[in-house]
Amino acid sequence: MPDNRRSMYQRHPELYRYTSSDRYENPKEDFKTIAAALEQRLDTSAPLSVADIGCGNGELLYYLHRRFPQWQLHGYDHTAEFIETAKAFPGLAGVGFEQADLYDIKGKFDVVIATCFLSLFPEFEEPVEKLLSLCRDGGYVMATGLFNPHNIEVRVQFCDNSRPETAGQWNTDFNRHSQRRIRDHFSDAVESIDFQDCTYDIELPHDPAAPIHVWTVKDEQGRTLLINGAWQIANQTLMVIRK
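Residues numbered from 1 in each chain as written. Predicted model: local features only at pLDDT ≥ 70, side-chain atom pairs only at ≥ 80, totals over all residues. Heavy atoms only, no water.

## Considerations on the overall build of the protein chain
Filter applied, for reference: Put simply, DSSP H or I for four residues or longer makes a helix, DSSP E for two residues or longer makes a strand, and each gets a number counted from the N terminus. Each residue's exposure class comes from its accessible area (1.4 Å probe, protein chains only) as a fraction of the maximum for that residue type: buried when under 20%, exposed when over 50%, partly exposed otherwise. Only heavy atoms matter for contacts: two residues are in contact if any of them lie within 4.5 Å across the pair. All accessible-area figures derive from a Shrake-Rupley calculation using a 1.4 Å probe, and residue coverage is judged against the displayed protein chains alone. None of His or the chain ends enter the tally, which takes Lys and Arg as positive and Asp and Glu as negative. Here the site of a charge means NZ on Lys, CZ on Arg, CG on Asp, or CD on Glu.
The helix and strand tally for the protein chain stands at six helices and 13 strands. Overall size of the protein chain, expressed as C-alpha extent along the three principal axes, is 45 × 45 × 40 Å. Out of the 243 residues in the protein chain, the part that is buried amounts to 53%. Sequence separation of 24 or more characterises 69% of the internal contacts of the protein chain that already satisfy a separation of 6 or more. Just so you have it, the protein chain exposes about 11500 Å², and 48% of that area is on carbon and sulfur atoms. Here the protein chain contributes 25 positive and 36 negative side-chain charges, whose respective centroids are spaced 2 Å apart.

Structure below.
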């Protein structure tokens, strides 16, 4: 992946908590949505092979490993520091990890997962095609992202000038892809494509020292919204593709 497509956390892993092991016991809210979608669609008692693309320090894989210990789990991330953290964590013993660029990953899996990953790309076609190429026929690709229910594409660039390490560097982590365009592009090549909102029941405080990180607010209906330093609503949607 060209360097200009790498997210800020890939360029500056020292600024992010993926190099810490204190996150494993507090699963993200979207992990619960993914697990429920897996249980709804698959025989989770089977020894399924699962790949997590852009796995960070393996938090999702730890959550799945505890819930489905019979699964064969594999994690891939471009950032060496995150993979080293995952390999060193005892709770992930038996899970395979590899430092790799998306387009260098090989293999076939029953389930391919990518969380908060596709929004890094201004265009969705290439990365989604790669995820599908890693999935066996009849399997599932599950990816969380900022998928717009309106037929509107949004490309976002931001520059975090609040700290010297990132000042002057433009990033593209929060692009929104149209659900309709994804359906139009892939519907003839796959069995089905569905989208569902991830729900959140958490309170995240605003950290002034890391303004691009998300925090929570409530809307008029009491729904939890994730807000980031770009002042953008960042609630994730789960895309489920049956190949």
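## What to know about the pattern of salt bridges
Let me state the cut-off plainly: A pair is scored as a salt bridge if a Lys or Arg side-chain nitrogen falls within 4 Å of a carboxyl oxygen belonging to Asp or Glu.
The tally for this structure, following the rule as stated, stands at 12 salt bridges. The partner of Arg 66 in a salt bridge is Glu 25, with the nearest N and O atoms 2.9 Å apart. Taken together, the residues Arg 66 in helix α3 (residues 59–67) and Glu 25 in the loop between α1 (8–11) and α2 (29–41) connect sequence positions 41 residues apart. Taking the relative accessible area as the measure of exposure, Arg 66 reaches 54% and is therefore exposed. For Glu 25, a relative accessible area of 47% translates into the label partly exposed. As a salt-bridge pair, Arg 181 and Glu 153 come within 3.4 Å of each other at their nearest N and O atoms. Of this pair, Arg 181 sits in helix α6 (residues 179–186) while Glu 153 sits in the loop between β6 (147–148) and β7 (158–159), and the two are 28 residues apart along the sequence. Several salt bridges converge on common partners, so that one network encompasses Glu 123, Glu 125, Glu 153, Arg 155 and Arg 181.

## Regarding the packing of aromatic side chains
Cut-off, in case you're wondering: Aromatic pairs are defined between Phe, Tyr and Trp rings, using the six-membered ring for Trp, whenever the two ring centres lie within 6.5 Å; interplanar angles under 30 degrees are classed as stacked, those over 60 as edge-to-face, and all others as tilted.
Following the criterion strictly, the structure yields 11 aromatic pairs and no others. Between Phe 31 and Tyr 63, the aromatic rings sit 6.1 Å apart at their centres with planes inclined by 40°, giving tilted as the arrangement. Here Phe 31, found in helix α2, pairs with Tyr 63, found in helix α3; they are 32 residues apart in sequence, far enough to count as distant. Tyr 63 shares its class with Phe 31; the two are buried. Summarising the aromatic geometry, the rings of Tyr 62 and Phe 89 are spaced 5.2 Å apart at their centres and angled 80° between planes, so their arrangement reads as edge-to-face. Residue Tyr 62 is located in helix α3, and its partner Phe 89 is located in the loop between α4 (80–88) and β3 (96–99); the two are separated by 27 residues in the primary sequence.

## A closer look at the sheet that holds strand β10 (residues 192–197)
Note the following rule: What makes two strands pair is DSSP finding at least two bridges between them. Note on definitions: angles span 0 to 180 degrees between N-to-C directions of axes, and those axes are lines fitted to C-alpha atoms, for helices only across the stretch in contact.
The seven strands are arranged β3-β2-β1-β4-β5-β13-β10 in an open sheet whose pairing can be described as mixed. Strand pairing shows two members of the sheet lacking a second neighbour, β3 and β10, which therefore form its edges. On average, adjacent strands in this sheet sit at an angle of 15° to one another, irrespective of strand direction. With five bridges connecting them, strand β1 (residues 49–53) and strand β2 (residues 72–77) associate as parallel partners. Its bridge partner lying in β2, Ala 51 is registered against His 74. Along the sheet face, α2 touches β4 (109–114), β5 (135–145), β10 and β13 (237–242) and points at about 155° away from the line of β5. Strands β10 and β13 of the sheet are contacted by α6, whose axis makes an angle of about 165° with β10.

## Examining the environment of Thr 172
Applied cut-off: Polar contact criterion, stated in full: a pair of N or O atoms within 3.5 Å, where within protein one must be able to donate a hydrogen and the other to accept it, and residues adjacent in sequence count only if both atoms are side-chain atoms.
Among the structural elements, Thr 172 can be located in the loop between β8 (170–171) and β9 (177–178). Separated by 165 residues in the primary sequence, Thr 172 and Ser 7 place their C-alpha atoms 6.8 Å from one another. With residues up to four places along the chain from it excluded, the contact list for Thr 172 reads Ser 119, Leu 120, Phe 121, Val 156 and Gln 157. In this structure the side chain of Thr 172 is engaged in a polar contact, spanning 3.1 Å, whose partner is the backbone oxygen of Leu 120.

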